Amino acid sequence: MRRLMSAVILEIYALCLASYQYAQHVRTDEAKYLLNIPYPHPPLARGILHTLDGFVFQEFFWRLVFASLLVQAVWLAVRLLPDRKTSVYIAVSACWLLCTGILLQSGSIMMAPLTALQMWVFVYWYLQDDHTKNRAGLIGFFWLLSLFTAYQAVLIAPVVAALLWRQLEPMVRRITYFFLPVALLLVYTLTNPLVPASLLVHGGDSVSINDSLFELMMLWLWSGSIFLSISGLIGSIRARLWPVGMSLCLVLAYVFLARFSYYAILFVPLSMAGLIVLVRARKMSPFIIATGVAVVTAGYVLMFQPLPEPSPARRVMQQLSREQVSGPLLLQGSFGHEWQYESHMPVGRYTESRLTDAGAVICVSACSDLDTNPAWRQVSAEPPFVYVRR
């Protein structure tokens, strides 16, 4: 009964996290996955997301699923700490549930949270005490699923290799289980030119190396609310978790190049590995770490995390629905896939030659020529400005 009540409480927490993300509406990367647009990631996860296309609650449903998976994954941490007091379980669970990496990304429909979850499963298998179980086939299959979810799954390759190395299977099979999924991913990538093209331009703004290193260090620290990040690093070094350390180096190198804040969640499973080995060896009090995580997360949210800022796309589309606009929708300026997701009309880029067929024009940037055009009237007083045909 206690486990059932705990699961219910965790699900309520997941519902809160999903609701927070829902208040911000669909962002451009989320829309890209919901619409199954074929870049930059392989098709597995985005294909599953697209199966509910047209379902009125598609967005919130998947937010709740993503948040639930990440929140309920805390049970893996509990299973790695057998025969401990309930207070220890709660403290270690709090480190996972309350760190900023989980708190701020759970419920977002992104590939990074899914990849972090898959990394956590591999870390869980790696830390299990029973090394006599032969699960090489399962590891290979899950490795394949992970790679075809997102390219970032390759960052956990050292842990996967270490797992397969100690399995009770012939060497040829273990090598096959590791390299066959990688080869299949390479074939998929080479047969889809849009993927490598999108990966080449997938990066942050150009900044100095010193600024990049500082941003990387801060992202790593904040991912585990400082206390989890540092204790996890200490634990990995003390216990010589070299595969985990190698994966951490790969994540650091990748985030240094990409520099997107939503990759912070990729550090959390690796930090949890170090924390768990410290708690097992009774080298560090989980209560101190959990308290520090809670305090730092609360401070971070109060200081840096703003209230949800909904995307204007949904508001504009609701306005056009009230205006009973039909026909193609043209957008002037830079816009993302969220406009395509929210619109029930075809969406295209604004050009004068396409005005004759358009039902509405949205000016993300200025388009003053429509102010003097008698065929159009402006229906919004705040940006983005919306024009509909008279």
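A short tour of the structure in this document, coming up.

Parameters and conventions
Throughout this document, residue positions are counted from 1 along each chain, in the order its sequence is written. Two thresholds apply to this predicted model, a pLDDT of at least 70 for residue-level local features and 80 or more for giving and counting side-chain atom pairs, whereas whole-chain, interface and lining totals are computed over all residues. Hydrogens are left out, water is left out, and the side-chain values use all remaining heavy atoms of the structure. Labels follow the DSSP assignment, with helices taken as runs of H or I lasting at least four residues and strands as runs of E lasting at least two, numbered in each case from the N terminus. Based on C-alpha atoms, the radius of gyration is set beside the globule rule, defined as 2.2 Å times the residue count to the power 0.38. Exposure categories follow from relative accessible area, calculated using a 1.4 Å probe and restricted to protein chains: below 20% of the type maximum is buried, above 50% is exposed, and the middle band is partly exposed. Exposure was quantified through the Shrake-Rupley algorithm and a 1.4 Å probe, taking into account, for residues, occlusion by the shown protein chains and nothing else. Charge assignment in this entry is limited to Lys and Arg as positive and Asp and Glu as negative, and neither His nor the chain termini are counted. Charge positions are represented by NZ for Lys, CZ for Arg, CG for Asp and CD for Glu. By nonpolar core we mean a set of buried residues, namely Ala, Val, Leu, Ile, Met, Phe, Trp, Tyr and Cys, connected to one another through side-chain atoms within 4.5 Å. Following DSSP output, two strands are said to pair if at least two bridges run between them. Fitted lines through C-alpha atoms serve as axes, helices being fitted only where they are in contact, and the angles separating the N-to-C directions of these axes extend from 0 to 180 degrees. A patch consists of residues exposed above 30% relative accessible area that lack any salt bridge, with like charges linked at up to 9 Å and nonpolar side chains (Val, Leu, Ile, Met, Phe, Trp, Tyr) linked at up to 5 Å. Each salt bridge in this description consists of a side-chain nitrogen of Lys or Arg and a carboxyl oxygen of Asp or Glu lying within 4 Å of one another. Two kinds of site are reported from a 1 Å grid over the protein atoms alone, namely cavities, where a 1.4 Å probe fits but cannot get out, and pockets, open sets with protein on both sides within 12 Å along at least five of seven lines, and residues are called lining when an atom falls within 4 Å of a point. Grid points are joined across faces, edges and corners, and a volume is the space filled by probe spheres set on the points. Three classes are used: nonpolar for Ala, Val, Leu, Ile, Met, Phe, Trp, Tyr, Cys and Pro, charged for Asp, Glu, Lys and Arg, and polar for all others, with Gly counted as polar.

**Brief notes about the overall build of the chain**
Broken down by element type, the chain carries 19 helices and 5 strands. Relative to its length of 390 residues, the chain is compact, with a C-alpha radius of gyration of 24 Å against a globular reference of 21 Å. Seen through its principal axes, the chain has C-alpha atoms that stretch 75 × 50 × 45 Å. Looking at the chain as a whole, 51% of its 390 residues are labelled buried. Per element, the accessible surface of the chain, about 18900 Å² overall, is 66% carbon and sulfur. Side chains of the chain carry 28 positive and 21 negative charges; the gap between the two charge centres is 14 Å.

**Comments concerning the nonpolar core**
Across soluble globular proteins, nonpolar side chains have a tendency to be buried as a group. Within the largest apolar cluster, 103 residues are counted, with the highest numbers of intra-cluster contacts made by Trp96, Trp120, Phe122, Leu127, Ile156 and Met272. With 14 residues, helix 8 (residues 111–127) is the largest single contributor of residues to this core. In terms of nonpolar packing, the next biggest core, distinct from the first, is built from 14 residues, Val325, Leu329, Val386 and Val388 among them.

**Section: the sheet that holds strand 1 (residues 329–332)**
Read from one edge of the open sheet, 5 strands run 2-1-3-5-4, paired in mixed fashion. The open sheet has two edge strands, strand 2 (347–349) and strand 4 (376–378), and neither has a second partner. Strand-to-strand twist across the sheet, computed as the mean angle between neighbouring axes with direction ignored, equals 25°.

**Considerations on a nonpolar patch on the surface**
On the surface, a nonpolar cluster with roughly 530 Å² of combined accessible area is contributed by Met1, Leu4, Met5, Val8 and Ile12. Mapped onto the elements of the fold, Val8 is located in helix 1 (residues 2–22). Given the relative accessible area of 39%, Val8 is considered partly exposed.

**A word on unusual backbone geometry**
Unlike most non-glycine residues, Asn36 shows phi in positive territory, near 60°. The topology assignment puts Asn36 in the loop between helix 2 (28–34) and helix 3 (43–50). Taking the relative accessible area as the measure of exposure, Asn36 reaches 25% and is therefore partly exposed.

**Some thoughts on empty space enclosed by the protein**
Under the defined criterion, the tally for this structure stands at 3 cavities of 30 Å³ or more. What lines the largest cavity is a set of 12 residues, and nearest its centre among them are Tyr33, His41, Met110, Tyr262 and Tyr263. Among the secondary structure elements, those contributing two or more residues to the lining of the largest cavity are helix 2 and helix 8. Looking at the lining of the largest cavity element by element, the count peaks at 3 residues for helix 2. Among the residues forming the lining of the largest cavity, the class breakdown is 7 nonpolar, 3 polar and 2 charged.

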